[in-house]
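Letter by letter, the chains look like this.
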Amino acid sequence: MTRVGVFGGTFDPCHFGHLHAAQVCLEQRLIDQVWFVPAVDPWQKQNQQITSYATRVRMLQSLIASKSSLRVSEVEKDLGKSETFATLSTLGAQWPRYEFVPIIGADLLDGLHTWRDYEKLISKYRFLVVSRPGQERMLPVDVSGIVVTSVGVDISSSDIRTRTRHGESISQLVPHDVAQLIEKELLYRN
Ligand code: ATP
Ligand code: MG
């Protein structure tokens, strides 16, 4: 069975840290593909202006370029909500031959219990938890899966937005096409 890592997030913007996390999971043969799932309704980020869904999808498409084991899934566009359990269930119904495995960064572990359908989520799925610099975590006892360790890439979307607002370079943090799109669309300026 093909194992697909489902990597959800706001991706505002996506960056090399996201790409690294996906590639580490692939390299360690934990999964066969990674599908990036941009959140249509990033409810955890209510106090922040979010870039349009379409633009975040375009940035993700630039990030994954033509790498064959990576793709962008717009599954949440039709769902109209960002609830990981619902997203995984929908993917499972649409692609019955694939096994879907949620991927999250270690920083999300602390708040996992606040996610909708948490009990169903952790009883049905095994998580791939990617370590993040400064975010060393163990798997909580009730969550099954593994913590995927790597050298880690210390990049965050928040930092990219701040740098952009201050006119600082982000060329080492995102692919050229993403940087160009941010510049052309004047994202993160205010
Ligand atoms: P923000 O700073 O706005 O929260 P972010 O960089 O954390 O942005 P998100 O869109 O919030 O990016 O995260 C999507 C997913 O990617 C989450 O599971 C997050 O933990 C993970 N992630 C983000 N950056 C990294 C990184 N550098 N290494 C590993 N995982 C990451
Ligand atoms: Mg984040």
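When you look at the site of ligand 1 in this model, what are you seeing that I'm missing?
The immediate surroundings of ligand 1 are formed by 22 residues, with K45, D107, V153, S157 and S158 found nearest. Here an oxygen atom of ligand 1 sits 2.7 Å away from a polar atom, N or O, in the side chain of K45. The backbone of I155 places a nitrogen or oxygen atom 3.0 Å from a nitrogen atom of ligand 1. Burial of ligand 1 by the protein amounts to 92% of the accessible area it has alone, namely 590 Å². Among the elements of the structure, strand 1 (2–9), helix 1 (16–27), strand 4 (98–105) and helix 6 (157–165) are those that each provide at least two residues to the shell around ligand 1. Looking at the shell around ligand 1 residue by residue, the class counts come to seven nonpolar, eleven polar and four charged.

What is the right way to read the packing of aromatic side chains from this model?
A ring pair, where both rings are aromatic, is described by two values, the distance of the centres and the angle of the planes. Applying the stated criterion across every chain, the model contains nine aromatic pairs. Arranged with centres 5.6 Å apart and planes meeting at 45°, the rings of F7 and F36 form a pair that is tilted. Pair noted here: F7 is in strand 1 and F36 is in strand 2 (residues 33–38), with a separation of 29 residues, a long-range link. Given the relative accessible area of 6%, F7 is considered buried. Among the residues examined, F36 registers a relative accessible area of 0% and is labelled buried. Seen from their ring centres, W35 and W95 are 5.3 Å apart, and the 75° between their planes marks the pair as edge-to-face. Taken together, the residues span a long stretch of sequence, with W35 in strand 2 and W95 in the loop between helix 4 (84–94) and strand 4 at a distance of 60 residues. Overall, W35 belongs to the buried group, its relative accessible area being 1%. Taking the relative accessible area as the measure of exposure, W95 reaches 31% and is therefore partly exposed.

Thresholds, definitions, all that
Residues numbered from 1 in each chain as written. Chains lettered and ligands numbered in written order. Predicted model: local features only at pLDDT ≥ 70, side-chain atom pairs only at ≥ 80, totals over all residues. Heavy atoms only, no water. Near = heavy atom within 4 Å. Polar contact = N/O pair within 3.5 Å; in protein donor to acceptor, adjacent residues only side chain to side chain. Areas by Shrake-Rupley, 256 points an atom, 1.4 Å probe, with all protein chains shown as cover. Helix = DSSP H or I, 4+ residues; strand = E, 2+ residues; numbered from the N terminus. Nonpolar A, V, L, I, M, F, W, Y, C, P; charged D, E, K, R; others polar. Phe/Tyr/Trp six-rings, centres within 6.5 Å; stacked < 30°, edge-to-face > 60°. Buried < 20%, exposed > 50% of the residue type's maximum accessible area, 1.4 Å probe, protein only.

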